[in-house]
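# A structural walkthrough
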Amino acid sequence: MTDTSDLLPEGLEDRLPASAARITTAMRACLDVLDQHGYDRVRPPLLEFESSLARRMQGISTKQMFRLTDPASLRTLALRSDITPQIGRIAATSMAGAPRPLRLAYCGDTTLIRASQLDPARERLQLGAELIGADTAAAAGEIVALAVRALHAAGLTGISVDFTLPDLVDTLAAKAMPLAPETVEQVRRELDTKDAGGLKAAGGEAYLPLLYATGPFDKALTKLRELDAGGALKSRLDGLEAIAARIGDTARITLDPTERHGFEYQSWFGFTLYAHGVRGAAGRGGTYRIGGCDEAATGFTLYVDAIAEAAPQPETSRTVYLPTGFDAAAADRLRSKGWRTLEQLSDDEDPSALGCTHILENGEAAEL
Ligand SMILES: N[C@@H](Cc1c[nH]c[nH+]1)C(=O)O
């Protein structure tokens, strides 16, 4: 019987060995790729002052974060719900003097008070890279290509990248397709729900063609270029084309220029990563500015729990049982060749039940 005090709160779960192994393998594969590409790992803390998490990026709300009062400082702390703002803080403070562009990687748990229906988990393992000091098409191309490589390394297939232009409506509303300030938000909402009737009613008729400029990248880009008569979007669209060229055929590319779900602080470019078997998004990223110093940056975050679920189950290495009094040098030799070892602790053990396939006999692994 499980004592009810042992139950875990909704949206939080233990990862048992098979699931933890998948996560560890996916995490290692992705972190190795980031390291190989010159991204140095940093480890910001799990919680910090609420005010510092809130100020680093536009549109971040600490309402979604678990908050508590620090008995030591009597100030409000928040548990991070996203690591990117912490990387922004590091870049703006302790690493402000480091040469640019600065390439940083990270991996750690984040929590949310309220999860979404699609993904009920309230604890999420984020892993990502941030390129600080540039938000050009070249920087964004490097970041998207790196994200795709990391997903490949984790063993995922059928990878696709969906591009978006998070500040699209603001850019168009400024001049090319003017909107009264009070209707901007309404137009954004109608675009979110892709409701043509609602869009017209909200006074956003000029924005209707945007609803149809979505789908496979080349076609959608051509449509967007056609409707961009005044050239307000030219630099953005050229940027998207350059990024797409960088990715080549390593991933399928689509464009949904009005998608803004999950892009609270991204500026001219945003992207969502998908892969075969991954429920929801495998990751997200884009360009943004670090609050407080206004430095430009580009980055991505992978959602490791979702990735691990779809990644192939890692092969477990064979395990050899080491009877009491075993030859330590022989055991070392086997481990260095990739074997796992399990030491005998008492006479009544059943090596097979404990997961062993072999036993150490005369310095060699003999089948059980
Ligand atoms: N941290 C963002 C993605 C991102 C990283 N860098 C820029 N954007 C997210 O998880 O949605």
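So, here's what we can say about the structure. These numbers were taken from a predicted model, which means no experiment stands behind them. (Residues numbered from 1 in each chain as written. Predicted model: local features only at pLDDT ≥ 70, side-chain atom pairs only at ≥ 80, totals over all residues. Heavy atoms only, no water.)

### Looking at the overall build of the chain
Counting its secondary structure elements, the chain contains twelve helices and 16 strands. With the principal axes as the frame, the chain shows a C-alpha extent of 80 × 55 × 50 Å. Residues counted as buried form 47% of the 368 residues belonging to the chain. Sequence separation of at least 24 residues holds for 66% of the intrachain contacts in the chain that already meet a minimum separation of 6. Carbon and sulfur atoms form 51% of the exposed surface of the chain, whose accessible area is close to 18900 Å². (Helix = DSSP H or I, 4+ residues; strand = E, 2+ residues; numbered from the N terminus. Buried < 20%, exposed > 50% of the residue type's maximum accessible area, 1.4 Å probe, protein only. Contact = heavy atoms within 4.5 Å. Areas by Shrake-Rupley, 256 points an atom, 1.4 Å probe, with all protein chains shown as cover.)

### Observations concerning the nonpolar core
Note on soluble globular proteins: their nonpolar side chains tend to be buried together. Within the largest apolar cluster, 73 residues are counted, with the highest numbers of intra-cluster contacts made by Phe163, Tyr207 and Phe271. Ranked by residue count, the leading element in this core is helix H4 (residues 137-153), at nine residues. Every residue in contact with Tyr207, bar those within four places of it in the chain, is listed here: Val169, Leu172, Ala173, Met177, Leu179, Val187, Leu191 and Leu199. In this structure, Val42, Ala91, Tyr106 and Tyr288 belong to the second largest nonpolar core, which totals 19 residues. (Core = buried A, V, L, I, M, F, W, Y, C linked by side-chain atoms within 4.5 Å.)

### Digging into the pattern of salt bridges
All chains considered together, the criterion is met by 19 salt bridges. The partner of Arg188 in a salt bridge is Asp170, and the shortest N-O contact between them spans 2.5 Å. Taken together, the residues Arg188 in helix H6 (residues 181-193) and Asp170 in helix H5 (residues 168-174) connect sequence positions 18 residues apart. With a shortest N-O distance of 3.1 Å, Glu309 and Arg279 are connected by a salt bridge. Placement of Glu309 in helix H11 (residues 304-310) and of Arg279 in the loop between strand E10 (270-274) and strand E11 (283-290) is noted, with a sequence separation of 30 residues between them. Overlapping salt bridges, with partners in common, bring together Asp170, Glu185, Arg188, Asp192 and Arg260 in one network. (Salt bridge = Lys/Arg side-chain N within 4 Å of Asp/Glu carboxyl O.)

### Thoughts on the site of the ligand
Not every one of the 14 residues close to the ligand is listed here, only the nearest: Asp82, Thr84, Tyr265, Gln266 and Thr301. Contact distances for the ligand include 2.9 Å between an oxygen atom and a side-chain N or O atom of Tyr303. Contact with the protein chains removes 94% of the 300 Å² of surface that the ligand exposes when unbound. Taken together, the elements giving at least two residues each to the shell around the ligand come down to strand E6 (123-132), E11 and strand E12 (295-303). Grouping the amino acids of the shell around the ligand by side-chain chemistry returns four nonpolar, seven polar and three charged. (Near = heavy atom within 4 Å. Polar contact = N/O pair within 3.5 Å; in protein donor to acceptor, adjacent residues only side chain to side chain. Nonpolar A, V, L, I, M, F, W, Y, C, P; charged D, E, K, R; others polar.)

### Describing the sheet that holds strand E13 (residues 319-322)
Paired through backbone hydrogen bonds, the strands of a sheet run either parallel or antiparallel to each other. The four strands lie next to each other as E14-E13-E15-E16, forming an open sheet whose pairing is mixed. The outermost strands of the open sheet, each flanked by one partner alone, are strand E14 (340-343) and strand E16 (364-367). Averaged over all neighbouring strand pairs, the angle between strand axes comes to 40°, with direction disregarded. Relative to E16, strand E15 (residues 358-361) is paired through four bridges, and the arrangement is antiparallel. (Pairing = 2+ DSSP bridges. Axes fitted to C-alpha atoms, helices over the stretch in contact; angles between N-to-C directions.)

### Focus on H6
Those residues of H6 that sit buried are Val184, Val187, Arg188, Glu190 and Leu191. The arc that holds every buried residue of H6, seen down its axis, measures 165°, which confines them to one face. Within H6, the exposed residues directed more than 90 degrees away from the buried face are Glu182 and Thr193. Where H6 is buried, its residues meet H5, helix H7 (196-201) and helix H8 (208-212). (Arc of directions from axis to C-beta.)

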